Structures are given as C-alpha cells and as structure tokens.
Amino acid sequence: MKKGISLLALLILFLGILAGCANGGSEKGNAEPKEKKDSNEKVSLKMAVFPADEEVFKKGYENFKKDYPNIEITFETFPQQQYYEKIRMQLSGGEGYDLFTGQLDNMVDTGIVAPLDQHIKDSGMDVSGYGSMYDTYKYEGKVMSLPYRKSNWMLYYNKTLFDEKGVEYPSDDMTWDDFRELAKKMTSGSGESKVYGAYLQQWPQTWYMSAVQNGSSVIDKDLTPFKEALEVRVNLEKDGSIMNWSEQVTTGAHYNAAFQKGNIAMNIIGDWHVAQLRQGEKEGKLKFDWDVVPIPHPEGVAKNTSLALPVTIMMNKNTKHADEAFEFLKYMSGKEGAKLLASEGYLTGYMDKEVEAAYLGDGTQKPENLHYFLETKEYPEYPMLPGVKNIVVEQIFKQEGELALLGQKSVDDAIKEITKRVKGEWASKYGE
C-alpha cells in the first residue's frame, strides 16, 4: 500500500515538472505572444508619440478602451527636434515605453524594437491594406513596425494668382521641364512685390525627389539620376523662379508661411500641408483660393508618382505586456484607427474603401482635388536602414547639395563627392 502511494506521488511530481518545462520555454522580455491574461486584469502601458499626433492618439484610445477597459495607456511626447534623443535616452536607461511612434530607421539600431510577425500571425489581422509599405518596414526579414500614417508629396498652387495672370492651372501630368517653364511664366516683379513661380523648401528631398521617382535610391552605387535632379533645382534658381537657397537659409524661410503670404504660385511639399492651409483659412490668414495636383515627374515616369515616408508604431521588446501593447498597436495602425486618423485629415498607412471615404469627407473642405493623394504610386523616400536618414540624407546629401546650390561646387563635383562619401559610409557599416 505504502509502495503504491509513493509511486503515485512520484508520477504526479514528474508530470508537474514536464508541465513546468512546457510553459517556461520563452525567454523573458522577448515580446513574443504569451498566454492571454484575464481580460479583467488591469494593465498599464506607456506610449511615446509625436507632438502633432498626441491628440488623435488620445482620441483613438478613448474608442479603444470601450473594448479593452482593463488597458490603461499614458501618452508622453517631446518637442519634434528632441523626440528621438529623448525616447532613446529613456529606453536605454531601462525606463521606457511599451510603445513608441516614429520612423523605424531612427530606432532599429537600439536593438529594443520587437519583431511583430508572430503577433500578426496569431491575431489573424489583414495586412493587405498596408500595400507595399508592409514590406518596406521589414528589417532583416522581420516586420518591426506597422505604419499608421504616411507622407506623400503634392504640388499646391495658388489659384488666385493663376487667375490674375490668365494662366492655366498646373496639369496633373507635368514633367519637370514643364514645371520649370510654368514657374518662369508665373514669376514677375521684384523686391517686396515679387511673385515667385514656385517654392522648394531647403531640404535635400526637395531637390533629389525626381531621382527617387525614377526608382533610384540614395545608397545606389550609381547616383547619376541625382545629378539630373540637382540640376532641376539649380536651373530654377538661375531662372529666378524660386527663392535661392542662400536667401532661404539666411532668412529662415519656411514653406508654410511663405505660401500663405500669397506671392508664391506653386509649392511642392507633403500631405501634412493640407491641414496647415485649412488651419490658415480658419484663422483668416489665407486671402486666396488653392488646390493640389500631383508633383511633376521625370520623362517616362508615370504621373502622380510620389515619395512616401510612413510613420510607424513600434513595440519595446522588453515590455511586460506584449499582448496588450500589440492590441493597441494593431488598433491604431489597422482599419479602425485608420478610419479615425483619416477623418482627422491624416493620410494613413492602412487604406481601403472605408478609410478612403473617411479621408475624403463630404467634399466641402479644400482642396477640391484631395483625391490625388489616394491615387499615388509610391516610392519609399529612402531605405529603412540605420544611418540612411541621419548620415546619408541629413549629412552627405545635405552638405554636398548645399555647396552646389551656393555656387561653391559644380553639380558634377557635388555628385561625385556624394557618391564617394556614400560608398565609404556603406563600406564601413556593411562591408560593401
């Protein structure tokens, strides 16, 4: 009898050990999906968001918590210029956020971004609405974030100026040569009364976009298309059709204030400018009518081909509440969040017919041709790899391009130096 009881106890102990091994295989802090918690258990999350997006995320959370009342989310933000520096500092200090928004290339080098593939698979979520952007945000074969909004570029034009000059509005199918000629036609006067045919903000993207429209990348070995792109900007300055680079820099010129002043016929900038102009109208600052058409394109490239720079939501691999964090990430970047964001004027990462309808609204708000934003063929502005934005774009392309635009270096020499520096940077990082 005693022997039988002892054997039974040993069997129960052995089975308990097996069960413990089966449940203990996941490494702590890897943000892999875990067994679902009791839906009534209170969970507190912290999320960092861009300052311009804070209010819409709070609004989204109010809807989200109707279905997930146990999940509490606190939102924090920092000024745009300090945003990445601040959240990287907090994350590296071990005090961090369960979720954070931003561009993947600015954060993936921290090693703290969690892969989302298993969560996406387990949730059964539909990713078709992200289109090509879904693969764009893979890093080393893994999905590291999901986009909640994206920035496509468009040509904004002052209809009142075109009407006054009796010139036809910009076409939705202009080459860069067509754009140059139209900008010359719309330029007149001098000094304070000068009307500029166009405005290009002093960012590298505004001169190299025609190369990207052609399918080129800022890290290509052959950067010849960027020579042609830089020449477009140089020629516009030579024509006097745009404010020159040095004047923009010394006066601190800004595309929004410059265009709202009313003496610029065409302005090439991203989709976020729609909200700025709408706000200007509400405040009574705009004294002219306006609309949009697709940006000009290189010869042989389809019309309405645009740069796109999505902004994503990432998850901390060390979060203690991976399942709950992913639920909100999925909500805000997926269909439900997209409908809310679109109704607020955001061009969303996820798009389908319902989201498009929310974006277009009832048709009473400007611009009349808002639909062009939904019809673009998109190329990522630059590859989502560590160092591309901060070093290749913001240092190499910016520095060398500026020297050419200041007349201190020829376009040929600038592109040769860019090519040399990009190759050197890439070789040191990736051994290529």
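Residues numbered from 1 in each chain as written. Predicted model: local features only at pLDDT ≥ 70, side-chain atom pairs only at ≥ 80, totals over all residues. Heavy atoms only, no water.

Draft legend 1. A look at the pairing of strand E7 (residues 153-158). Of all six residues making up E7, six are buried, and the element is well covered by its neighbours. Of the two faces of E7, the one lined by Trp153, Leu155 and Tyr157 and the one lined by Met154, Tyr156 and Asn158 are each fully buried. Of the pairings in the sheet, the one linking E7 to strand E9 (residues 266-270) comprises five bridges and is antiparallel in character. Residue pairing across strands places Tyr156 opposite Asn267, the latter belonging to E9. (Buried < 20%, exposed > 50% of the residue type's maximum accessible area, 1.4 Å probe, protein only. Helix = DSSP H or I, 4+ residues; strand = E, 2+ residues; numbered from the N terminus. Pairing = 2+ DSSP bridges.)

Draft legend 2. Representation of unusual backbone geometry in the model. A cis amide bond links Lys366 with the next residue in sequence, Pro367, at an omega value of 5 degrees. Note that Pro367 resides in the loop between helix H15 (353-360) and strand E13 (377-380). Even without a glycine there, the phi angle at Glu140 is positive, about 55 degrees. By the element assignment, Glu140 lies in the loop between strand E4 (138-139) and strand E5 (142-143). Despite not being glycine, Asn304 shows a phi value in the positive range, around 60 degrees.

Draft legend 3. Geometry of the packing of aromatic side chains. This structure, assessed with the given rule, holds 28 aromatic pairs. With 6.3 Å between their ring centres and 80 degrees between their planes, Phe162 and Tyr169 make a pair best called edge-to-face. Here Tyr169 falls in the partly exposed class, since its relative accessible area comes to 34%. An aromatic cluster of three or more residues is present, and its members are Phe57, Tyr61, Phe64, Tyr68, Phe75, Tyr148, Phe328 and Tyr331. Positioned above the aromatic ring of Tyr97, the side-chain terminus of Lys46 is 5.1 Å from the ring centre. (Phe/Tyr/Trp six-rings, centres within 6.5 Å; stacked < 30°, edge-to-face > 60°. Lys NZ or Arg CZ within 6 Å of the ring centre and 35° of its normal.)

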